[in-house]
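# Coordinate inspection notes
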Amino acid sequence: MAGSNKIKITPPRWLLAELTYKCPLQCPYCSNPLDYSKHNAEISTEDWKRVLSEARKMGAVQLGFSGGEPLVRPDLPELVKHARDLGYYSNLITSGYGLTEEKILQLKEAGLDHIQVSIQASTQDLNDHIAGTESFQSKKEVARLVKKHGYPMVLCVVIHRENIHQMPEILAMAEELGADYLELANTQYYGWAHANRDLLMPTKEQYEKAEKIAQDFKEKVVDKMKIYYVIPDFHEKRPKACMNGWGTTFLTIAPDGVALPCHSARELPGLDCPNVNDSSISEIWNESKAFNFFRGTEWMKEPCASCDEKEKDFGGCRCQAYLLTGDMHNTDPVCDKSPDNHVIQEAIASARESALSDGEKPLIFRNSKNSKNF
Amino acid sequence: MSINPEQIIHFSPLHRLQWEEAQQKDVILYPEGMVELNQSSAEILKLCDGSRALNDIVADLEEKFSTTGLKNDIIAFLDVALQNGWIKQD
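Since the model is a prediction, treat every value here as computed from it, not as a measurement.

## Some details on the nonpolar core
Within the largest apolar cluster, 111 residues are counted, with the highest numbers of intra-cluster contacts made by L15, F65, L155 and L184 of chain A. Dropping the residues within four chain positions of it, F65 of chain A is found in contact with A17, L19, L52, P70, L76, L79, V80, A83, S90, N91, L92 and I93 of chain A.

Okay, structure coming up:
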């Protein structure tokens, strides 16, 4: 591990506050842990306030209230107000489910800066199927209300094989709703998405067609909508620069107070991720084993160790290396220099075979009942 | 898109300009992003407060820094700011 070396530690800039794992939706690509039902403790309002204060003092400025569904927490307006008083730029990352106009106004008053609403598809049937809950009309209404009350409106659509064919209609819907930002997030295969990968991963032809449509649209709306396109890394030759480097920028706090260098890091073995109940944010960020584990480049194995791009992508994603090769120190197998790159090609082939077969198994929806099986 | 010298300039209601103590600099915050500003860019943007047009901003800055000839640099920066959506004109 790299922590023993003299690496300059940069302060956190982005804090993801996962307030709860509770959620009325059941999206089968959820990034929460598969066994989230085992982690049902939630830290208190006072604990969250302390976390926000300590991280802000260190330099965190972008704040995401996430979950699960953060609206489930009754203290959300109080936490938003505390965040605003501290000078955070705060974002509510929500399904929109249960977000009334009254609540939108209350959060605005408390100082919330923007709201990111997820929509699962461009049609009611598919949206409600993927969400596992009837929610399409209320989400569209929430998007309109967010816009009406002067927030920057950020629409997020997770893209996978069930909705990728709707790309033109998804773009038209974003334009019709007046989105200021549209996040087209190709599914990243962690958590529930990993378990459902064969059923969610589009074919290469589907990706290419959808990306072309999105890129053409991006040019058309350049003056009124900003599009964030999260790439499908399985089809790349180099891995993503995950989290901008481990322990450099991002800090996630899970509902039970566990501090994570990325929101999937809970799945990694032996990190002993610290808890805000036991340590200050400064101790966690600067001194904990988990946050120092993959800092710098000393931990790298070949081919990363001698690679001239190691400062560019940091060896890719540790969680992906672990999930797909069994060793979190390995090069992210997305990299075509990785000796394990075949697992990516096999995953693509397996998903393709599933797509072309008649008898696909059903999606595993994210809910407490299914979570108890993991 | 470029600056209309006749019109008042506002800072975008969808962005926030603020001083960051930890970074010792002004930044622009917006959904999913942050731009770190150098001092001159920050000084220009702070005057985009809905009460001034181009010539007022130039005059104020030239007075503040006891200098002249800033106009072209200010226009160049304001054009960039407008294209990035940081400022608005009606």
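What follows continues from the structure just given.
## Some details on the environment of K64 of chain B
Tracing the backbone shows K64 of chain B in helix α2 (residues 54-64). For the pair formed by K64 of chain B and I9 of chain B, sequence separation is 55 residues and the distance between their alpha carbons is 19 Å.

## Observations concerning the confidence of the model for chain B
Per-residue pLDDT for chain B has a mean of 95; in total, 100% of the residues score no lower than 70. In the predicted assembly, ipTM is 0.91 and pTM is 0.95.

## Considerations on the pattern of salt bridges
All names here are of chain A. Counting across every chain of the model gives 32 salt bridges over all chains. Among the salt bridges present, the one from D35 reaches K38, with a minimum N-O distance of 3.8 Å. On the basis of relative accessibility, which here comes to 23%, the residue D35 falls in the partly exposed class. A residue is classified by how much of its surface remains accessible, and K38, at 57% relative accessible area, is exposed. R238 is the partner of D336 in a salt bridge, and the nearest nitrogen-oxygen pair spans 2.7 Å. Of the two residues, D336 sits in the loop between α13 (318-325) and α14 (341-356) while R238 sits in the loop between β7 (226-230) and β8 (250-253), which places them 98 residues apart along the sequence. Taking relative accessible area as the criterion, R238 reaches 27% and is therefore assigned partly exposed. Three or more residues joined by partner-sharing salt bridges are found here, namely R238, E309, K312, D336 and K337.

## Considering the interface of chain A and chain B
Listed by partner, the interface residues are 25 residues for chain A and 14 residues for chain B. Regarding the contact of chain A and chain B, the summed buried area is about 1500 Å², with carbon and sulfur atoms giving 54% of it. By the criterion of area lost to chain B, the three top residues of chain A are R13, Y89 and Y181 of chain A, representing 28% of everything that side buries. Taken together, the links from chain A to chain B amount to 2 salt bridges.

Parameters at a glance
- Residues numbered from 1 in each chain as written.
- Chains lettered and ligands numbered in written order.
- Predicted model: local features only at pLDDT ≥ 70, side-chain atom pairs only at ≥ 80, totals over all residues.
- Heavy atoms only, no water.
- Core = buried A, V, L, I, M, F, W, Y, C linked by side-chain atoms within 4.5 Å.
- Buried < 20%, exposed > 50% of the residue type's maximum accessible area, 1.4 Å probe, protein only.
- Contact = heavy atoms within 4.5 Å.
- Helix = DSSP H or I, 4+ residues; strand = E, 2+ residues; numbered from the N terminus.
- pLDDT = per-residue confidence, 0-100.
- Salt bridge = Lys/Arg side-chain N within 4 Å of Asp/Glu carboxyl O.
- Buried area = accessible area lost by both parts, 1.4 Å probe.

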